[in-house]
Amino acid sequence: MGDYAVPIGFVLARRLRTAPDRIAQTIAENLHGPFRAVAVKGYVNVTMDDQWWMERLSQGFVSYPKRSGKVLVEYVSANPTGPIHIGHGRGAVVGSVLENLLDRVYDLADSEFYVNDAGEQIRKFCKSVEIRIKQLKGEDAELPEDAYHGDYVVDVARSILERFDWDTLSEEERWNVLWHDAVDMMRQWHKETLEKLGVTMKAWTSERRIRQESWPEKVIDSLRKKDYVYEQDGALWFKSTLFGDDKDRVLVKSNGEYTYYLVDIAYHMEKINRGYNLLINVWGADHIGHVPRMNAALSALGFPDYLNVVLVQTVRFWRQGVAVAMSKRKGEFLTLDELIDEIGKDAARIMFITRSVDATIDFDIEVAKQKAMENPVYYIQYAYVRAKNILARTDERQFGNSVSFDSHERMLLRLLNAFEDRMALAVRKLDPFIIESYAWELSDAFHKFYQFDRVIGSEYENARWQLVERFTEVMEELFTLLGIEKLERM
RNA sequence: GCGCCCGUAGCUCAAUGGAUAGAGCGUCGGCCUCCGGAGCCGAAGGUUGGAGGUUCGAGUCCUCUCGGGCGCGCCA
């Protein structure tokens with residue numbers, strides 16, 4: 001069927017009032033270039049000349065579609081009240097691969113973790129730590145039902161007792177320690193977990209800072225000037241329905257507190273203020289309802305189309321047919337730390353992006369842990385190892401200079417040549433899965449080529465050698481994007 | 001009730017509106033004196049949940065419908 005097929009006959013049939021196969025026939029006969037064109041029904045099948053592919057090989061394939069702008073990818077943003085669990089893991093990998101990709105495509109791409117360190121949940125967490133401290137000191141104290149029950153809370157309590165002379169502290173000083181040091185320990189833990197997964201955030205933005213710098217007030221002022229707010233029942237409302245929301249939203253509650261919504265708008269305004277003109281948020285699917293509200297607010301503030309939310313569907317884990325609950329307060333879940341320890345960073349990363357972001361992932365925990373060897377990461381790493389192994393045999397080269405690419409080589413060539421297209425697709429869909437599956441397809445093509453075509457000592461040695469070299473180049477780039485290791489040996 | 005995501009092989013999932021819908025796992029059978037067998041080749045396995053519609057052409061787009069998931073707070 002050739003290297004490329006173009007259904008040009010079908011496309012032009014109506015306009016030319018001519019049968020598709022005749023159009024294709026005419027076009028095929030009149031096309032001239034470094035290829036052979038054959039008409040089949042309404043298609044024109046094009047087979048590129050061997051020399052054209054040789055020329056293409058000499059140029060290399062790694063290049064990106066270029067866009068201008070500064071991008072900020074915000075992801076994970078787990079509350080610092082518990083460990084990062086596996087559900088967050090998916091968002092973490094998706095975000096970090098997108099960051100890597102967009103950094104090649106746009107002028108700049110940064111990453112950021114938004115730390116919700118100011119809300120009611122934090123207060124509850126601090127309270128839980130305080131109770132654990134009392135218990136450690138033998139005092140009589142009971143954890144309420146809605147407190148954080150995980151063992152890590154005890155660890156935090158213990159660490160605080162080691163670092164502070166608790167008994168000498170006043171009530172206020174104690175709360176200060178909890179509010180800063182306990183929360184900071186959680187943030188530090190998150191940072192370490194993410195780094196184990198190969199994720200390094202460029203910035204950690206604190207909700208407290210957003211509040212301290214009066215961004216919520218700035219948002220209110222700005223909306224008020226445009227007459228987009230009103231008071232009702234003692235609360236301040238935003239006319240979000242003017243911007244496509246199905247209901248107006250409260251910004252300031254009747255008790256005077258800011259809603260999470262307002263603070264989040266403030267945070268986004270602050271991001272834009274830092275000079276970013278494309279905000280990518282990687283959110284769990286349970287935040288779906290938040291998307292139109294956020295877009296409404298940014299439109300009202302004069303920044304429509306700045307926000308692009310990547311909704312990542314849920315990861316559900318099963319153990320012997322039973323769904324594993326991901327409840328933070330109960331403390332019974334598989335943490336990301338545990339998963340990485342079990343199957344390794346690379347296998348864990350790939351696991352989260354072997355499916356498109358809008359597909360829910362179902363995993364049996366035991367299978368995920370035990371059958372790590374079936375992970376696609378080994379398939380692509382092995383293809384690379386095989387290629388590098390050939391290239392290492394420099395002293396055995398004899399330079400057979402004939403050129404005649406067979407079907408396996410052409411498959412590889414076509415795929416390599418598709419690099420920029422695939423990256424453009426990944427950017428358009430904002431889905432790392434596109435990159436992962438591309439790496440898998442390339443590896444598949446390479447394994448087949450490897451099986452059928454010998455490189456060293458072949459009369460086509462020079463051409464094949466170059467093909468293998470280009471393959472490793474592209475794979476190295478993909479490994480970088482995916483954030484997994486390139487191995488010389490396995 | 002409303003909004004979004006999904007429904008494709010036994011299971012988990014692919015497939016830029018194009019030709020005969022593909023992989024992995026599982027099942028069965030083959031392939032190394034040869035650049036690494038963590039690989040390759042073959043077999044079996046499908047009414048793409050269902051019904052209409054648009055199109056030269058629909059797994060893909062539209063309408064309806066059935067089933068599953070998530071969300072619809074002065075929670076975060």
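Residues numbered from 1 in each chain as written. Chains lettered and ligands numbered in written order. Predicted model: local features only at pLDDT ≥ 70, side-chain atom pairs only at ≥ 80, totals over all residues. Heavy atoms only, no water.

Attention now goes to unusual backbone geometry. Not every positive phi belongs to a glycine, and S214 is a case in point at roughly 65 degrees. Among the secondary structure elements, S214 is positioned in the loop between α8 (207-212) and α9 (215-225). You will see that D227, though not glycine, has its phi angle at about 65 degrees, which is positive. Tracing the backbone through its elements, the reader meets D227 in the loop between α9 and β7 (229-232). (Helix = DSSP H or I, 4+ residues; strand = E, 2+ residues; numbered from the N terminus.)

Next up on the list: the sheet that holds strand β9 (residues 249-252). Taken in spatial order, the three strands of this open sheet run β7-β8-β9, and their pairing is antiparallel. Each edge of the open sheet carries a strand with a single partner, namely β7 and β9. Across the sheet, the mean angle separating the axes of adjacent strands is 45 degrees when strand polarity is ignored. Of the pairings in the sheet, the one linking β7 to strand β8 (residues 235-238) comprises four bridges and is antiparallel in character. Across the sheet, the residue bridging to Q232 is A235, located in β8. This element, helix α10 (residues 260-273), spans β8 and β9 of the sheet and lies at about 75 degrees to β9. (Pairing = 2+ DSSP bridges. Axes fitted to C-alpha atoms, helices over the stretch in contact; angles between N-to-C directions. Contact = heavy atoms within 4.5 Å.)

Orientation of helix α5 (residues 120-136) relative to helix α6 (residues 151-163), taken along the N-to-C sense of each, is 65 degrees, at an axis distance of 8 Å. Between α5 and α6, the crossing angle belongs to the class labelled roughly perpendicular. For the element pair α5 and α6, the recorded crossing hand is right-handed. For the pair formed by α5 and α6, the contact residues are F125, S128, V129, R132, I133 and L136 on the first element and Y152, V153, V154, V156, A157, R158, I160 and L161 on the second. Among the residues forming the contact of α5 with α6, the class breakdown is eleven nonpolar, one polar and two charged. (Parallel < 35°, antiparallel > 145°, perpendicular 65-115°, else oblique. Left-handed = near helix turned anticlockwise from the far one by under 90°. Nonpolar A, V, L, I, M, F, W, Y, C, P; charged D, E, K, R; others polar.)

Glancing now at the protein's contact with RNA strand B. In the vicinity of RNA strand B lie 55 residues, with R14, Y43, R355, N389 and R454 positioned nearest. If you look at RNA strand B and keep only atoms within 4 Å of the protein, 64% of those are sugar or phosphate atoms. For RNA strand B, a base oxygen lies 2.9 Å from a polar atom in the backbone of S254. S356 places a side-chain nitrogen or oxygen 2.8 Å from a phosphate oxygen of RNA strand B. Taken together, the elements giving at least two residues each to the surface near RNA strand B come down to α1 (8-16), β3 (43-48), β8, β14 (361-364), α15 (376-391) and α18 (433-452). Element by element, the count of residues in the surface near RNA strand B is highest for α18, at eight residues. Residue classes in the surface near RNA strand B are distributed as 27 nonpolar, eleven polar and 17 charged. (Near = heavy atom within 4 Å. Polar contact = N/O pair within 3.5 Å; in protein donor to acceptor, adjacent residues only side chain to side chain.)

Let us now look at the packing of aromatic side chains. With the rule as written, the count across this model stands at 18 aromatic pairs. For the pair F125 and Y148, a centre-to-centre distance of 6.2 Å together with 75 degrees between the ring planes defines the contact as edge-to-face. Within this pair, whereas F125 is found in helix α5, its partner Y148 is found in the loop between α5 and α6, the two being separated by 23 residues in sequence. On the accessibility criterion, Y148 (3% relative accessible area) is buried. Ring geometry for F446 against Y450: centres 6.1 Å apart, planes inclined by 40 degrees, an arrangement best described as tilted. A residue pair is termed a helical-turn pair when its members lie 3 or 4 positions apart in one helix, as F446 and Y450 do in helix α18 at four residues. Under the relative-accessibility criterion, F446 is labelled buried at 0%. In this arrangement the basic side chain of K70 is found over the ring face of Y276, its NZ or CZ atom lying 5.4 Å from the centre. (Phe/Tyr/Trp six-rings, centres within 6.5 Å; stacked < 30°, edge-to-face > 60°. Buried < 20%, exposed > 50% of the residue type's maximum accessible area, 1.4 Å probe, protein only. Lys NZ or Arg CZ within 6 Å of the ring centre and 35° of its normal.)

What follows deals with the domain arrangement of chain A. Examined at the domain level, chain A breaks down into domain 1 (4-48) and domain 2 (375-482). With centres defined by C-alpha atoms, the gap from domain 1 to domain 2 works out at 30 Å. (Domains from an automatic or database assignment.)

Another point: the environment of R209. Within the secondary structure layout, R209 lies in helix α8. Among the residues examined, R209 registers a relative accessible area of 27% and is labelled partly exposed. In this structure, the C-alpha to C-alpha distance between R209 and A118, residues 91 residues apart in sequence, is 9.4 Å.

On to the packing of α15 against helix α19 (residues 461-482). Direction vectors running N to C along α15 and α19 enclose 140 degrees, while the axes themselves pass 10 Å from each other. In terms of axis orientation, α15 runs oblique to α19. Considering only the axes of α15 and α19, their crossing is left-handed. Across the interface between the two elements, I380, Q381, A383, Y384, A387, K388, I390 and L391 of α15 pack against W465, V468, E469, F471, T472, M475, E476, F479 and L482 of α19. Among the residues forming the contact of α15 with α19, the class breakdown is twelve nonpolar, two polar and three charged.

All chains considered together, the criterion is met by 34 salt bridges. With its nearest N and O atoms 2.6 Å apart, the salt bridge here joins E477 to R104. Separated by 373 residues along the polypeptide, E477 in helix α19 and R104 in helix α4 (residues 86-105) bring together distant segments of the chain. Residue classification places R104 among the partly exposed positions, given a relative accessible area of 30%. The closest approach of N and O atoms between E270 and R209, which form a salt bridge, is 3.3 Å. One end of the pair, E270, is in helix α10; the other, R209, is in helix α8, and 61 residues separate them in sequence. Judged by its relative accessible area of 5%, E270 falls in the buried class. When salt bridges that share partners are traced, they join E112, R209, E213, E270 and R274 into one network. (Salt bridge = Lys/Arg side-chain N within 4 Å of Asp/Glu carboxyl O.)

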